[in-house]
Amino acid sequence: MHTMRSSFDIDPYPGKPKILFIGFTESSHTHSWINLLDCSELNVRLFGLPSAVPPDDFKVRTYVTGVTAARLNAETRARFYSRSRIGQLSKKGFSRLLVGDVRGFEEKWLAKIIRQWRPDVIHTLGLEPAAYVYNRVRVRFGLERIGKWVATVRGGPDLALRRLLPEYVPRIRSVLTACDKLVADNRQNYEYALALGLKESQIAGIGEVPGTGGIDVEYLSKNWHGAPSERRLILWPKAAECNQSKALPVLEALRLSWERMPPCEVRMLAVIPEVTMWFQTLPDRIRERCTLSERVPRPETLELMTTARIMLAPTLSDGVPNCMLEAMAAGAFPIVSPLETIRPIVEAERNVLFARNLYPTEIAAALCRAMTDDVLVNRAAEANLALVRQIANRAVIRPRVIEFYNRLTECYRSNNESFKEAI
């Protein structure tokens, strides 16, 4: 780790608010949210949790934490120990690197960074693990008086499911009672948080905001590849098995619906080995029209959205899915599950078709309908474009978020004695 003062240490906007984010450096959600602050005259840094390095084009100053090879799986080790990537980022002044082999080493480094840089706002991206890690550091090292704490809670397992597990409840309550502001993408998560000890005054004044910071509606809407009814691609962006969604019922739905649909292509993203294995059990006539991918850069996913007729995303638990909002802007017809976080936003037949994740026959019926009803998908595309402009337009959300950070900073600096002492 560098000890001498470098370009990394010199804030581009001296005296302006300092925002320290804590989250995964490889997450497209992390990148998209932080990039809201481009050209905002805010001093922004990211403390990366131990997992990987940021992408080559990420221009936010990032503290990159890593662990010795013994604690990394092969895929993560290959990403993390790309010496050329780490060297490039460090040379450009965009990263600081610390590698350790003792559990908790990153927490000591985080505490040191907070004490030395003294951010006005510390924003944890997700409860697991960002908020839990920071909460431990905050208490252990006595950092409660430094900065205002904003906690983002992800829609889905982060709160909606883990609040049901007794071992998680004390950890969740501890975060909710200690943070200054909470950000969520749906009202249900705010209600859960209030029931667990959050006060109304702690709800961020920016409303229900997508975890990505919103959708670039104008860009996507100008890049449609033909009318939705002319397209023949089914895009399944989360073809994974996890506690939030199940892939095997979707594979079965493809089997059930294939002969009843016109010729089409299927693109599956975020595929894991288990899904690949079961995919091989499908008939050749289906498999030869499908393309499977693992990690796909977000820009490529968005480009695929503009070519897709259907965006297929049945889930068991979710907030307001970013993929649904992206599909709306891209003209792709969403097939989603009738979750409590989704039903208040969209209407069946007008905006989407609903299909429960564990019911292959429902998913198959929705696929057949959306692939054969040209009027439905074209009409929905018009309605969805208007809706996404209203609820998730990045151009509208950006100034609201920047003002939110500025207000928090002003409040912190005017009321906090530790800041006055520091200056």
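Presented here is an overview of the structure given in this document. In this convention, every chain numbers its residues from 1, walking through the sequence in written order. Owing to the predicted nature of the model, reporting of local features is limited to residues with pLDDT of at least 70; listing and counting of side-chain atom pairs is limited to 80 or more, with chain, interface and lining totals taken over all residues. Note that the side-chain values use all heavy atoms of the structure and ignore hydrogens as well as water.

## Observations concerning the overall build of the protein chain
Our working definition: Secondary structure elements follow DSSP: runs of H or I no shorter than four residues count as helices, runs of E no shorter than two count as strands, and numbering proceeds from the N terminus. For each residue, the accessible area found with a 1.4 Å probe, counting protein chains only, is set against the maximum for its type, and the residue is called buried under 20%, exposed over 50%, and partly exposed in between. The contact criterion used throughout is that any non-hydrogen atoms of two residues lie within 4.5 Å. Only the protein chains shown count as covering a residue, and every accessible area follows the Shrake-Rupley method with a 1.4 Å probe.
Check the secondary structure of the protein chain and you find 18 helices and 14 strands. Out of the 423 residues in the protein chain, the part that is buried amounts to 56%. Partitioning the contacts of the protein chain with sequence separation of at least 6, the portion at a separation of at least 24 is 73%. If you sum the accessible surface of the protein chain, you get close to 18400 Å²; carbon and sulfur atoms cover 52% of it.

## Details of the pairing of strand 9 (residues 233-236)
Let me state the cut-off plainly: Should DSSP find at least two bridges between two strands, the strands are taken to pair. Handedness is read with the strands pointing away from the viewer; a crossover is right-handed when the path from the first strand over the helix to the second is clockwise.
Residues Leu233 and Leu235 line one face of strand 9 and the alternating positions Ile234 and Trp236 line the opposite face, and both faces are buried. Pairing geometry for strand 9 and strand 10 (residues 265-268), over four bridges, is parallel. Paired with Ile234 across the strands is Val266, a residue of strand 10. A crossover connection joins strand 9 to the parallel strand 10 through helix 10 (residues 248-257); in handedness this β-α-β unit is right-handed. Sheet analysis places strand 9 next to strand 12 (residues 310-313), joined by two bridges and oriented parallel. Bridging from a neighbouring strand, Leu235 pairs with Met311 of strand 12.

## Quick look at a nonpolar patch on the surface
Just so we agree on the cut-off: Surface patches are drawn from residues lacking salt bridges whose relative accessible area is over 30%; two like charges belong together within 9 Å, two nonpolar side chains (Val, Leu, Ile, Met, Phe, Trp, Tyr) within 5 Å. Throughout this description, the term salt bridge denotes a Lys or Arg side-chain nitrogen within 4 Å of a carboxyl oxygen of Asp or Glu.
On the surface, a nonpolar cluster with roughly 290 Å² of combined accessible area is contributed by Leu248, Met277 and Trp278. The residue Leu248 is located in helix 10 in this model. When its relative accessible area of 32% is taken as the criterion, Leu248 is described as partly exposed.

## Remarks on the packing of aromatic side chains
Inclusion rule: Note on ring pairs: Phe, Tyr and Trp rings are taken, using the six-membered ring of Trp, and paired if centres are within 6.5 Å. Classes follow the plane angle, with under 30 degrees stacked, over 60 edge-to-face and the rest tilted.
Under the criterion given, the structure shown has eight aromatic pairs. Seen from their ring centres, Phe8 and Tyr63 are 5.1 Å apart, and the 75° between their planes marks the pair as edge-to-face. Note that Phe8 is positioned in the segment before strand 1 (18-23) and Tyr63 in strand 3 (residues 61-67), a separation of 55 residues in sequence. Taking relative accessible area as the criterion, Tyr63 reaches 5% and is therefore assigned buried. With a centroid separation of 5.5 Å and 90° between ring planes, the pair formed by Tyr63 and Trp109 is classed as edge-to-face. A residue pair is termed long-range when its members are at least 10 positions apart, and Tyr63 in strand 3 and Trp109 in helix 4 (residues 105-117) qualify at 46 residues.

## Points about the environment of Val388
Structurally, Val388 can be placed in helix 16 (residues 374-391). Taking the C-alpha atoms as reference points, Val388 and Met328, separated by 60 residues in sequence, lie 6.4 Å from one another. Other than its neighbours up to four places away in sequence, Val388 contacts Ile215, Val217, Leu325, Met328, Ala329 and Asn393.

## Brief notes about the environment of Ser40
Test applied: We call two N or O atoms a polar contact when they sit within 3.5 Å, provided that within protein one can donate a hydrogen and the other can accept it, with sequence-adjacent residues counted only if both atoms are side-chain atoms.
Relative to the assigned elements, Ser40 resides in the loop between helix 1 (28-34) and strand 2 (43-48). Looking at Ser40, the relative accessible area reads 13%, which means it is buried. The spatial distance from the C-alpha of Ser40 to the C-alpha of Arg398 is 9.6 Å, given a sequence separation of 358 residues. Among the polar contacts made by the side chain of Ser40, one reaches the main-chain carbonyl oxygen of Leu37 at a distance of 2.5 Å.

## Here we look at the pairing of strand 6 (residues 148-152)
For strand 6, a buried count of four out of five residues is recorded, marking the element as mostly surrounded by other parts of the structure. Where strand 5 (residues 121-125) and strand 6 come together, five bridges link them in parallel fashion. Considered in strand 6, the bridge of Val121 is made with Lys148. In this view, the connection linking strand 5 to its parallel neighbour strand 6 by way of helix 5 (residues 127-140) has right-handed handedness. As judged from the three bridges shared by strand 6 and strand 7 (residues 181-184), these two strands associate in the parallel manner. Bridging across to strand 7, Val150 finds its partner in Lys181.

## What to know about the sheet that holds strand 14 (residues 353-354)
Here is the rule we go by: Between N-to-C directions, angles cover 0 to 180 degrees, with each direction set by a line fitted to C-alpha atoms, over the stretch in contact for helices.
Spatial ordering of the open sheet is given by 11-10-9-12-13-14, a layout of six strands whose pairing is parallel. One side of each edge strand has no neighbouring strand; the edge strands of this open sheet are strand 11 (290-292) and strand 14. Relative to strand 13 (residues 333-336), strand 12 runs parallel, the two sharing four bridges. The partner of Ile310 across the bridge, within strand 13, is Phe333. Here helix 15 (residues 360-372) sits on the sheet in contact with strand 9, strand 12, strand 13 and strand 14, set at roughly 170° to strand 12.

## A closer look at the packing of helix 5 against helix 7 (residues 169-178)
Worth spelling out the cut-off: For classification purposes, an angle smaller than 35 degrees is called roughly parallel, one larger than 145 roughly antiparallel, one from 65 to 115 roughly perpendicular, and anything else oblique. Left-handed describes a crossing whose near helix is turned anticlockwise from the far helix by less than a right angle; the clockwise case is right-handed. Residues are grouped as follows: Ala, Val, Leu, Ile, Met, Phe, Trp, Tyr, Cys and Pro are nonpolar; Asp, Glu, Lys and Arg are charged; every other residue, Gly included, is polar.
Where helix 5 contacts helix 7, the two axes come as close as 10 Å, and the packing angle between them is 70°. One finds that helix 5 runs roughly perpendicular with respect to helix 7. Two packed elements cross with a definite hand, and for helix 5 against helix 7 that hand is left-handed. Within the contact between the two elements, helix 5 uses Leu127, Glu128, Ala131, Tyr132, Asn135 and Arg138 and helix 7 uses Arg171, Ile172, Ser174, Val175 and Ala178. Looking at the contact of helix 5 with helix 7 residue by residue, the class counts come to six nonpolar, two polar and three charged.

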